Amino acid sequence: MTVRVQAEDFDIGQELSKLRLANSSIGALVSFVGQVRDVNDGDAINTLTLEHYPGMTQKALEAIEIEAKMRWNIIDSLIVHRVGIMQPLDQIVLVVVSGAHRGDAFRACEFIMDYLKTSAPFWKKETTSHGERWVEAKISDDAAKARWIK
Amino acid sequence: MKIKVLYFSRIKEAVNYSTEDIDLPAGISTVTALKNYLALRGDIWTNLFNGKQVVRAAINHTLVDDLSTINAGDEVAFFPPVTGG
């Protein structure tokens, strides 16, 4: 299980290949990529800045990976989350889960993203033609997380 | 009891700094009590910590609820609901 929080962009192909080739018992590789949209709440987005809590982010993301590994039969997982200033079409986050079969890998990948959205300490600030504004948390994200609470 | 307090995102911008050391009076030992104590500073502090805004807390890098206990030497962080991903 790996977590990386970084300003630099990432190469999806390289990251997937690395995880896929690491273990010959892998039969399924599921990934999610989040990218910066050009419109939010009706306004064109110029830039998106990701702030985080450096001391806590790594620990919070590792805790999510550990929880996923306990709940599903998966082999490995990777979370790469970028911080700093980004623009529309830039990649923000990558989650990859490997497993013997697709079912658990799909579910674990969705679980990791739903928990990341609601419990990892990142905050988005966007600039539009009206100036800067902090992005509001979405109730739909809490609902997505609630689906997994046992 | 001495603790370290960190602020993030819009809360950091509102108070205009990111970290401070606080020597808490006796009896303030939960997140709720600390929020109420900060709200007594007035102005923006009252607006932030009087309970009308959702302010999440972490103690020593773990998300906690408002009933959680604060101990000497803890790092307590306050921030709005997260919006990563």
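First, a word on scope: everything that follows refers to the structure included in this document.

Parameters at a glance
- Residues numbered from 1 in each chain as written.
- Chains lettered and ligands numbered in written order.
- Predicted model: local features only at pLDDT ≥ 70, side-chain atom pairs only at ≥ 80, totals over all residues.
- Heavy atoms only, no water.
- Pairing = 2+ DSSP bridges.
- Helix = DSSP H or I, 4+ residues; strand = E, 2+ residues; numbered from the N terminus.
- Axes fitted to C-alpha atoms, helices over the stretch in contact; angles between N-to-C directions.
- Contact = heavy atoms within 4.5 Å.
- Core = buried A, V, L, I, M, F, W, Y, C linked by side-chain atoms within 4.5 Å.
- Buried < 20%, exposed > 50% of the residue type's maximum accessible area, 1.4 Å probe, protein only.
- Buried area = accessible area lost by both parts, 1.4 Å probe.
- Salt bridge = Lys/Arg side-chain N within 4 Å of Asp/Glu carboxyl O.
- Polar contact = N/O pair within 3.5 Å; in protein donor to acceptor, adjacent residues only side chain to side chain.
- Nonpolar A, V, L, I, M, F, W, Y, C, P; charged D, E, K, R; others polar.

Some remarks on the sheet that holds strand E1 (residues 2–6) of chain A
Residues and elements named next belong to chain A.
- Taking strand neighbours across the sheet as the criterion, the four strands line up as E1-E6-E8-E2 in an open arrangement whose pairing is mixed. Each edge of the sheet is formed by a strand with only one pairing partner; in this case those strands are E1 and strand E2 (28–35). Each adjacent strand pair in this sheet contributes to an overall mean axis angle of 5°, direction not counted.
- Relative to E1, helix H2 (residues 54–71) is tilted by about 150°, and along the sheet it contacts E1 and strand E6 (76–82).
- Most of the contacts of helix H3 (residues 102–119) go to strand E8 (residues 91–99), to which it runs at about 145°, and overall it touches E2, E6 and E8.

Describing the nonpolar core
- In terms of nonpolar packing, the biggest core is built from 29 residues, with Leu 61, Val 95, Val 97, Phe 111, Ile 112 and Leu 116 of chain A touching the most fellow members.
- Elements with a minimum of two residues in this core: strand E5 (47–52), H2, E8 and H3 of chain A.
- The leading source of residues in this core is H3 of chain A, at eight residues.
- Setting aside residues up to four positions removed in sequence, Val 97 of chain A forms contacts with Ala 28, Leu 29, Val 30, Ile 74, Asp 76, Ser 77, Ala 105, Ala 108, Cys 109 and Ile 112 of chain A.
- Core analysis: the second largest hydrophobic core is formed by 21 residues, Ile 22, Ile 28, Val 31 and Val 76 of chain B among them.

Observations concerning the interface of chain A and chain B
- Chain A puts 26 residues into the contact, and the matching count from chain B is 20 residues.
- Each partner contributes to the roughly 1900 Å² buried at the junction of chain A and chain B, and carbon and sulfur atoms together form 55% of this total.
- Together, Tyr 53, Trp 123 and Trp 134 of chain A form the three largest contributors to the area buried by chain A at its contact with chain B, with a combined 35%.
- At the boundary of chain A and chain B, one finds three salt bridges.
- The partner of Glu 51 of chain A in a salt bridge is Lys 12 of chain B, with the nearest N and O atoms 3.2 Å apart.
- Here chain A is connected to chain B by 14 residue pairs in polar contact (both at pLDDT 80 or more).
- At the level of secondary structure, the elements contributing two or more residues to the side of chain A that touches chain B comprise E5, H2, E8, H3 and strand E9 (122–128) of chain A.
- Top contributing element to the side of chain A that touches chain B by residue count: H3 of chain A, with five residues.
- Of the residues belonging to the side of chain A that touches chain B, the class tally is 15 nonpolar, five polar and six charged.

With respect to the pairing of strand E3 (residues 56–59) of chain B
All names here are of chain B.
- Across four bridges, the pairing between E3 and strand E5 (residues 75–79) is antiparallel. For Ala 58, the partnering residue across the bridge sits in E5 and is Ala 77.
- Pairing of E3 with strand E4 (residues 62–64), which is carried by three bridges, proceeds in the antiparallel orientation. Looking at E4, one finds that Ala 58 is bridged to Leu 63.
- Remark: two residues form the turn of the hairpin made by E3 and E4, two consecutive strands paired antiparallel; Asn 60 in that turn has positive phi of roughly 50°.

Quick notes on the sheet that holds strand E2 (residues 19–23) of chain B
Residue and element names in this part refer to chain B.
- Pairing in this open sheet of five strands is mixed, and the strands run E2-E1-E5-E3-E4 from one edge to the other. At either margin of the open sheet sits one strand with a lone partner, and together these are E2 and E4. Along the sheet, successive strands turn relative to each other by an average axial angle of 30°, direction set aside.
- With respect to the sheet, helix H2 (residues 31–39) is in contact with strand E1 (2–7), E2, E3, E4 and E5, its orientation differing from that of E5 by roughly 65°.

Overview of the pattern of salt bridges
All names here are of chain A.
- If you walk through the whole model with that rule in mind, you get 15 salt bridges over all chains.
- A salt bridge links Asp 9 to Arg 82; the shortest N-O distance between them is 3.7 Å. On the criterion of sequence distance, the pair formed by Asp 9 in the loop between E1 and helix H1 (12–21) and Arg 82 in strand E6 is long-range, its members being 73 residues apart.
- Residue class for Asp 9 comes out partly exposed when judged on its relative accessible area of 47%.
- For Asp 114, the salt bridge identified is with Arg 147, shortest N-O distance 2.5 Å.

Taken by themselves, the reported measurements are silent on function.
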